[in-house]
Amino acid sequence: MARKLFLGASAAQVFSKAHAWVSGQDIRIADVSWDFLDGEDEPHCLAVYFTFEPQSASG
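Sequence order sets the numbering: in each chain, residues are counted from 1 along the sequence as written. Only residues with pLDDT of at least 70 are given local features in this predicted model, and only at 80 or more are side-chain atom pairs given and counted; all residues enter the totals for whole chains, interfaces and linings. As a rule here, side-chain values cover all heavy atoms of the structure and leave hydrogens and water aside.

Asks: Looking at this structure, how should I read the overall build of the chain?
Replies: Only runs of H or I of at least four residues qualify as helices and only runs of E of at least two qualify as strands under DSSP, and these elements are numbered from the N terminus. When you go through the chain residue by residue, the secondary structure sums to one helix and three strands. Reading the helices (α) and strands (β) of the chain from amino to carboxyl end gives β-α-β-β. Counting over 59 residues, the chain shows a buried share of 20%. Considering only intrachain contacts with a sequence separation of at least 6, the fraction spanning at least 24 residues in the chain is 52%. Summed over all atoms, the accessible surface of the chain reaches about 4200 Å², with 52% contributed by carbon and sulfur. The buried label applies to any residue whose accessible area, calculated with a 1.4 Å probe on protein chains only, is under 20% of its type's maximum; exposed applies above 50%, and partly exposed to all values in between. Note on contacts: a residue pair qualifies if any of its non-hydrogen atoms lie within 4.5 Å across the two residues. For the area figures, the Shrake-Rupley method with a 1.4 Å probe applies, and any residue is considered shielded solely by the protein chains shown.

In structure tokens, the structure reads:
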């Protein structure tokens, strides 16, 4: 399992970044978590926990 963090100034920015990254990967999302980091320039934080999809026999 791996984790990727997405930070942004707004929730919309974070989800846009996450969508752009996830759509280009061959992964299976296992879980997500959301946090707000007080005092940071980009306080919205989305953590995506994922596993890599195994290659199919025909792939």
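Asks: Explain the environment of Ala2 to me, please; I cannot follow it from the model alone.
Replies: Secondary-structure assignment places Ala2 in strand E1 (residues 2-8). Along the primary structure Ala2 and Thr51 are separated by 49 residues, whereas in three dimensions their C-alpha atoms are 6.3 Å apart. Sequence-distant contacts of Ala2, defined by excluding residues within four places in its chain, comprise Val48, Tyr49 and Phe50.

Asks: How should the packing of aromatic side chains be read in this particular structure?
Replies: How two aromatic rings sit relative to each other is set out by the distance from centre to centre and by the angle between their planes. The pairing test for Phe, Tyr and Trp rings, Trp by its six-membered ring, is centres within 6.5 Å, and the orientation test on the planes gives stacked under 30 degrees, edge-to-face over 60, and tilted for anything in between. Under the defined criterion, the tally for this structure stands at four aromatic pairs. On the basis of an interplanar angle of 10° and a centroid distance of 5.3 Å, the ring pair of Phe15 and Trp34 is categorised as stacked. Placement of Phe15 in helix H1 (residues 11-23) and of Trp34 in strand E2 (residues 27-36) is noted, with a sequence separation of 19 residues between them. On the basis of relative accessible area, Trp34 is assigned to the partly exposed category, the value being 41%.

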